[in-house]
Amino acid sequence: MTRVLCIGVATLDIVNRVERYPREDDEVRAIAQARRMGGNAANTAVVLAQLGADVAWAGNLPSAPGIVDDSFARYRVDASFAVRITGATLPTSYITLSAETGSRTIVHFRELPEYRAADFLALDLGGFDWVHFEGRAIDELALMLTRARSFAGLRVSLEVEKLRPGIEALFEFADLALFSRDYAQSKGFADAAALLRSLPRGLQASCTWGAQGAWAVERDGRLLHEPAPRLETAIDTIGAGDVFNAAMVQAFRSGQTLGPALQASVALAAAQCAREGLQLSDD
């Protein structure tokens, strides 16, 4: 069976759910707390596994096993390619989740170094049909993307969540580019369609826009839009973008065209906002 490889970070997420987001200098009581694995590429790997893909993840981890190892084992994500860093601390994201609005505010703590291109270049990619990259550590990522593109038949997706210097030069390596609203707005675009129109012709790409759904662009420049289903209550929006990205990758791997892939991905991401965590079913 061909496999998917996800490259990026894995974190510990400490999620405090509050009635409403506090004002500065407020003291509020959390109505619930959860500790779970996070990180864009790690979340994407877990969702892909639940969608039926055979998935591996590569990135840096502390030497001591912990919540990331437990989560990957639960969902049968192969973490044997992880690089273990002696004495390192797992990156932690402190998340305040508002029950009033469903929005989340995040404070990141990062000590673990970024995954190196040298470690990726040492991997045998022959058993994979798709590699998904989180768009970070751009100089290292350029070398990794070049390596991935040297394998005939290996397709590549690139998540572009944040504005990082030089990331635009990497778009040409991607079969599928997955943009966020945060990136689009950081570049001065008022909507997803404007960002997608600015991309080089021939790049298939999508851009999510919260409750408005997502837009995508075909190789010929044709724009598509899929509205998000209306939710009575947004319970947990953490990781919704990762769910969308995983669904897009799996749809493309399954031979779907961009329109049906966009429709299915928006529906799955919206459904996930109505439940807590990244478990796609109650089974």
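Residues numbered from 1 in each chain as written. Predicted model: local features only at pLDDT ≥ 70, side-chain atom pairs only at ≥ 80, totals over all residues. Heavy atoms only, no water.

**Overview of unusual backbone geometry**
At step 1: The residue Asp25 is not glycine, and still its phi comes out positive at about 75°.
At step 2: For Asp25, the location among the structural elements is in the loop between β2 (11–18) and β3 (32–38).
At step 3: With phi around 60°, Arg76 is a residue other than glycine that occupies positive phi space.
At step 4: For Arg76, a relative accessible area of 74% corresponds to the exposed category. (Helix = DSSP H or I, 4+ residues; strand = E, 2+ residues; numbered from the N terminus. Buried < 20%, exposed > 50% of the residue type's maximum accessible area, 1.4 Å probe, protein only.)

**Observations regarding the environment of Cys6**
At step 1: Within the secondary structure, Cys6 is located in strand β1 (residues 3–7).
At step 2: Once the C-alpha coordinates of Cys6 and Val77 are considered, the two residues, 71 residues apart in sequence, prove to be 10.0 Å apart.

**Remarks on the sheet that holds β1**
At step 1: Read from one edge to the other, the open sheet built from 8 strands follows the order β4-β1-β9-β10-β11-β12-β13-β14, with strand pairing classed as mixed. Each having just a single partner strand, β4 (55–58) and β14 (223–226) make up the two edges of the open sheet. Adjacent strand axes in the sheet meet at a mean angle of 15°, parallel and antiparallel pairs treated alike.
At step 2: With 3 bridges connecting them, strand β11 (residues 176–179) and strand β12 (residues 205–208) associate as parallel partners. Bridge assignment links Leu178 to a residue of β12, and that residue is Ser206. (Pairing = 2+ DSSP bridges. Axes fitted to C-alpha atoms, helices over the stretch in contact; angles between N-to-C directions.)

**Some details on the nonpolar core**
At step 1: Formed by 43 residues in total, the largest nonpolar core has its most connected members in Leu48, Trp57, Phe72, Val77, Phe244 and Met248.
At step 2: Counting residues in each nonpolar core, the second largest holds 41 residues, with Ile7, Phe133, Ile167 and Ala205 among its members. (Core = buried A, V, L, I, M, F, W, Y, C linked by side-chain atoms within 4.5 Å.)

**Re the packing of helix α1 (residues 40–50) against helix α7 (residues 240–253)**
How two helices sit against one another is set out by the angle between their axes and by the gap between those axes.
At step 1: Relative orientation of the contacting elements α1 and α7 amounts to 55°, with a least axis distance of 8 Å. On the basis of the axis angle, α1 is oblique to α7. Two packed elements cross with a definite hand, and for α1 against α7 that hand is right-handed. Of the residues in α7, those in contact with Asn40, Asn43, Thr44, Val47 and Leu48 of α1 are Asp242, Val243, Asn245, Ala246, Val249 and Gln250.
At step 2: The residue makeup of the contact of α1 with α7, split by class, is 5 nonpolar, 5 polar and 1 charged. (Parallel < 35°, antiparallel > 145°, perpendicular 65-115°, else oblique. Left-handed = near helix turned anticlockwise from the far one by under 90°. Contact = heavy atoms within 4.5 Å. Nonpolar A, V, L, I, M, F, W, Y, C, P; charged D, E, K, R; others polar.)

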